[in-house]
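The residues making up each chain are set out below.
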Amino acid sequence: MIGGEGRRGYVVIGNWTGALTVVGYFRLSFLFLQKPLVDRSCPAITCINRCGSRPRIFRNILSSLGCRRNPLRGKAQQSFIQRTIRNPIAAIQSDMTTRELLANRVTQALTNLFPDENNWEPQLTAATRPEFGDYQSNAALSLAKKRKMNPLQVAEQIAQHTQMNDICEQPQVAPPGFVNFTLKKQYVAIQLQKMLADPQRLGISPRERKERVLVDFSSPNIAKEMHVGHLRSTIIGDCLCRVLEFLGHQVLRINHVGDWGTQFGMLIAYLKEMKPDALMETSSTSLGDLVEFYKAAKRRFDEDSVFQETARKEVVALQAGDENSIHAWSFLCEQSRKEFQQIYDMLDVKLTERGESFYNEWLGIVCKELEDTGVAVRDEGALCIFVGGHTGRQGKIQPLIVRKSDGGFNYATTDMAAIRYRVKEDKADRILYITDAGQSLHFSQVFEAAKKIGYAKLETKLEHVPFGLVQSEGGKKFKTREGETVKLKDLLQEAVRRAEEDFRKRLQAEGREESEEYIKRVAHVIGIGAIKYADLKNNRTSNYQFSYTKMLSLQGNTAPYMLYAFARIQGIYRKGDLDLSDGQSESIQFILDDPTELSLAKMLLQLEEMLYLLERDLKPNILCDYMFELSQRFNQFYETCPVLKAESLQRKTSRLALCKLTANTLQLCLHLLGIPTLERI
């Protein structure tokens, strides 16, 4: 069975092949295609784009369709059907976002008006100004140009043929050829009811098509302290994981720590000679001690040729699995993990460690497979992959080296082995790498090479998620006064200390007394939340300037402002004494007569669209911008509309419900950013 009976009598079509076979057997109003497929040169895609207007042609489409990617014959046909069943492109009306629903209605109108077209892009966007409604379609402009028609006339036709009575007011046409859509109050109220009845998810259903998404983030180096450079990867990666998990995807949070390499031979050799007690299990050696030992070992290595040879022998022993060397290496890793975990606990970040050493046994296999298939070739003694036509400073093609001329492996080898494992063993559909923008070329080459040899399937999504630098307030490198890299632990502790200092001053000014436990809790939430939000509110590809003063401010787009906004709205709701438990929310009737009420309500409905946009673009600032705009609209609503002193019980109830929905939305957004909320501050 390809399709099934959905809610409200709509048919749920599991895949486009199924849609082609059943179209004509059900009324077209049952089918709501989410979006046209991308490859419009494929006959199958042309068919699915046309099936809404000419269903009879496609009743026997599977027997006659020739698709260059998937020839539908014999076992290939059966396999193709099974695969496409797992990739739905149709959904029942109630599971769509408002934008998707409107886009489908516009698409249906276009298919009826222009059946000879094979590209009915609705071009639906949020309206740029309130007087233009809530959404607008620009489809008439491109269609008119292509068909040599008057764009206003095309827009009029689209407006007349788009069935929107249950969602929008009558569509309006504006020069030079826009179709503007304004949501009906009744439709908005119904959607608010759904959100109110589902306080945990706010009416947002998990994705029908769930993916296995592997997120590679944080990735500190063993025997080195985490610094400010690890901040962005850890915070951005955790936020993306939270959003993807909320949307129903199966997420693997992988910490690809740097736990292997020649530097360990150098450090172990130094400790065995100079500080043998530091490698004992009873040792109190901290990560800070190991960092100092590493610096001393590096100086010794650069100056002492005898020590260089000792270090190289230690590397060989480590790679050969020498028991004493492995024991020393394991101790270094364990001491580092303890320190890392303290930071992850402060940030409330969950990770599964799978370091570089995990892939050691596959490095040789990867190199052999690359060379045997001809993907990699020997060049000046090194094993190289020439992909992408990337050129260096002298104009020569810059290869991806997977084995050095001395036989050693490198990061590229490990990354290739990791992709091989993640696709083959982890069954990942999508792999995200959260690193600084400086590694963009490296990952571009690695991804292309992985596709070329087949480690990553054609449909596997490999994505580098780059981010900019953290700078000082003067726009320079973020360093201590001594010129050292800022330790992440110190950074976090200082934010909490400042937050506590500010909070104690506020309590004193207000004449309030709170327990030490409560003060510490508030300071931690505000301090850590401020650092997270200050990072996530910026476009991740841009550099940003780190400022305690700005991030801890109660004014503007900051975590303290959002946390106070949430606590304030919760306080208003509590004073209203509105009971929404045990199905009481179903009796709420929303009254959206005031423009600020309606504006706030429509903003609440946009959350799902924002999450889908974040899922696609992987930019957390989308959510931060949404939250700030939502808080501004709430302020406008609260200043204009009396809540606790509303003129009638019905209006009071409606406005209290809007308060509760706003608080729930802010709480969910903050959670997805990795920031807990406080009921009062």
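For the structure, see preceding data.
First, a word on what this report is: a plain description of the structure on this page. All values reported here derive from a predicted model rather than from experimental measurement.

1. Regarding empty space enclosed by the protein
Then, in step 1: Following the criterion strictly, the structure yields three cavities of 30 Å³ or more and no others.
Then, in step 2: Roughly 60 Å³ of volume is contained in the largest cavity.
Then, in step 3: Glu225, Met226, Leu287, Glu339, Phe340, Ile343, Lys487, Leu488 and Lys489 together form the lining of the largest cavity.
Then, in step 4: Looking at the lining of the largest cavity, the elements that each hand over two or more residues are α13 (323-347) and α17 (488-510).
Then, in step 5: Here the element with the most residues in the lining of the largest cavity is α13; it accounts for three residues.
Then, in step 6: Of the residues assigned to the lining of the largest cavity, the class counts are five nonpolar, no polar and four charged.
Then, in step 7: Approximately 50 Å³ is the volume found for the second largest cavity.
Then, in step 8: Ala499, Asp502, Phe503, Arg506, Ile526, Leu552, Leu554, Pro560 and Tyr564 are the residues that line the second largest cavity.
Then, in step 9: Counting only elements with at least two residues in the lining of the second largest cavity, the list comes to α17 and α20 (559-576).

2. What about the nonpolar core?
Then, in step 1: Counting 165 residues, the largest nonpolar core has Leu192, Leu491 and Phe590 as its most contacted members.
Then, in step 2: It is helix α18 (residues 516-536) that provides the largest number of residues to this core, a total of twelve residues.
Then, in step 3: Each of domain 1 (96-183) and domain 2 (262-350) contributes no fewer than three residues to this core.
Then, in step 4: If we ignore the near neighbours within four places in the chain, the residues touching Phe590 are Ala189, Leu192, Gln193, Leu196, Ser654, Ala657, Leu658 and Leu661.
Then, in step 5: By size, the runner-up hydrophobic cluster in this structure holds 35 residues, among which are Leu252, Val402, Met416 and Ala428.

3. Some remarks on the sheet that holds strand β14 (residues 461-467)
Then, in step 1: Within the open sheet, the five strands sit side by side as β9-β8-β7-β13-β14. Their pairing is parallel. The sheet is open, and its two edges are formed by β9 (352-353) and β14, each paired on a single side.
Then, in step 2: Relative to β14, strand β13 (residues 430-436) runs parallel, the two being bridged by seven bridges. Paired with Tyr433 across the strands is His464, a residue of β14.
Then, in step 3: Running over the sheet, helix α15 (residues 411-424) touches β7 (212-216), β8 (250-255), β13 and β14 and is turned about 145 degrees from β13.

4. Digging into the packing of helix α21 (residues 595-605) against helix α23 (residues 621-640)
Then, in step 1: Relative orientation of the contacting elements α21 and α23 amounts to 160 degrees, with a least axis distance of 9 Å. Relative to α23, α21 is oriented roughly antiparallel. The two elements α21 and α23 cross, and the hand of that crossing is left-handed. Of the residues in α23, those in contact with Thr596, Glu597, Ser599, Leu600, Met603 and Leu604 of α21 are Tyr626, Glu629, Leu630, Arg633, Phe634, Gln636, Phe637 and Thr640.
Then, in step 2: Tallied by class, the residues present in the contact of α21 with α23 amount to seven nonpolar, four polar and three charged.

About the thresholds
Per chain, residue numbering runs from 1 following the sequence as it is written. Reporting of local features is limited, given that this is a predicted model, to residues whose pLDDT is at least 70; pairs of side-chain atoms are given and counted only at 80 or more, and all residues count toward the totals for whole chains, interfaces and linings. As a rule here, side-chain values come from all non-hydrogen atoms in the structure, and water together with hydrogens is ignored. In this analysis a 1.4 Å probe is tested at points of a 1 Å grid over the protein atoms alone, and where it fits but cannot get out there is a cavity; an open set with protein on both sides within 12 Å along at least five of seven lines is a pocket; lining residues have an atom within 4 Å of a point. Grid points are joined across faces, edges and corners, and a volume is the space filled by probe spheres set on the points. Helix and strand labels come from DSSP, where a helix needs a run of H or I of at least four residues and a strand needs a run of E of at least two; each type is numbered from the N terminus. Put simply, Ala, Val, Leu, Ile, Met, Phe, Trp, Tyr, Cys and Pro go in the nonpolar bin, Asp, Glu, Lys and Arg in the charged bin, and everything else, Gly too, in the polar bin. Nonpolar cores are built from buried Ala, Val, Leu, Ile, Met, Phe, Trp, Tyr and Cys residues. Side-chain atoms within 4.5 Å join them into one set. The cut-offs for exposure are 20% and 50% of the maximum accessible area for each residue type, with area from a 1.4 Å probe on protein chains only; residues under the lower value are buried, those over the upper are exposed, and the others partly exposed. Residue ranges assigned to the domains are those given by an automatic or database domain assignment. By definition, residues are in contact when any of their heavy atoms lie within 4.5 Å. At least two bridges found by DSSP between two strands are what make those strands a pair. What counts as an axis is a line fitted to C-alpha atoms, over the stretch in contact for a helix, and the angles between N-to-C directions run from 0 to 180 degrees. Reported orientations rely on four angle classes, namely roughly parallel under 35 degrees, roughly antiparallel over 145, roughly perpendicular from 65 to 115, and oblique for the rest. For any helix crossing, the convention is left-handed if the near helix is rotated counterclockwise from the far helix by under a right angle, and right-handed if that rotation is clockwise.

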